[in-house]
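Each chain, letter by letter, is given below.
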Amino acid sequence: VQLQASGGGLVQAGGSLRLSCAASGSIVSVNAMGWYRQVPGNQRELVAHISSSGRTTYKDSVKGRFTISRDDAENTVYLQMSSLIPEDTAVYYCHLQTVTKQGIIDKWGRGTLVTVSS
């Protein structure tokens, strides 16, 4: 199983970006999906999470600005980020709990850099 994340980049404060993360390989299904972010020197933190049933949770500071969604047919998770602020600058990582014939495998994407300029 491999994850391919994309969509990061440089954006001005107030702007928007959409991250995507697609899983490929011998996947039966995907359970939970999530986006995390990490700033150098800090721990990786959960930004948004979506369960297999579509239930979502968000870090307080991104509520109302970020939206996580999933496409199970494509084994893909998205993060729509709006009203971005400089404090959102970080490397964003996707995490998928994939179900394969060999069992459940937790996979992390390589990380995509989001830079928000003031």
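For the structure given in this document, a descriptive report is provided here. Being a predicted model, the structure only gives us computed values, none of them experimental.

Examining the overall build of the protein chain
- Regarding its fold elements, the protein chain presents zero helices and 11 strands.
- In sequence order, the secondary structure elements of the protein chain are arranged as β-β-β-β-β-β-β-β-β-β-β.
- Its C-alpha radius of gyration of 14 Å places the protein chain within 12% of the 13 Å reference for a compact globule of 118 residues.
- If one aligns the C-alpha atoms of the protein chain with their principal axes, the spans along those axes are about 45 × 25 × 25 Å.
- For the protein chain, the proportion of its 118 residues judged to be buried stands at 38%.
- The contacts of the protein chain with a sequence gap of at least 6 include a subset with a gap of at least 24, amounting to 53%.
- Here the protein chain contributes 11 positive and 8 negative side-chain charges, whose respective centroids are spaced 3 Å apart.

A word on the state of the cysteines
- Taken as a whole, this structure holds one disulfide when the rule is applied.
- Bridging Cys21 to Cys94, the disulfide has an S-S length of 2.0 Å. Disulfide Cys21 to Cys94: torsion about the S-S bond roughly 50°, handedness right-handed. Of this pair, Cys21 sits in strand S3 (residues 17-24) while Cys94 sits in strand S9 (residues 90-100), and the two are 73 residues apart along the sequence.

Focus: the environment of Glu87
- Within the element layout of this structure, Glu87 appears in the loop between strand S8 (76-81) and S9.
- Looking at Glu87, the relative accessible area reads 58%, which means it is exposed.

Overview of the pattern of salt bridges
- Under the criterion given, the structure shown has six salt bridges.
- One continuous salt-bridge network, built from bridges that share partners, spans Arg37, Glu45, Lys59, Arg65 and Asp88.

Comments concerning the pairing of S3
- As defined by bridge partners, strand S1 (residues 2-6) adjoins S3 across five bridges and the pair is classed as antiparallel. Paired with Ser6 across the two strands is Ser20, which belongs to S3.
- In the sheet, S3 pairs with S8 via six bridges, with the strands oriented antiparallel. Bridge assignment links Leu17 to a residue of S8, and that residue is Met81.

What counts as what
Residues numbered from 1 in each chain as written. Predicted model: local features only at pLDDT ≥ 70, side-chain atom pairs only at ≥ 80, totals over all residues. Heavy atoms only, no water. Helix = DSSP H or I, 4+ residues; strand = E, 2+ residues; numbered from the N terminus. Rg over C-alpha atoms; globule rule 2.2 N^0.38 Å. Buried < 20%, exposed > 50% of the residue type's maximum accessible area, 1.4 Å probe, protein only. Contact = heavy atoms within 4.5 Å. Lys, Arg positive; Asp, Glu negative; His and termini not counted. Charge placed at Lys NZ, Arg CZ, Asp CG, Glu CD. Disulfide = S-S within 2.5 Å. Salt bridge = Lys/Arg side-chain N within 4 Å of Asp/Glu carboxyl O. Pairing = 2+ DSSP bridges.

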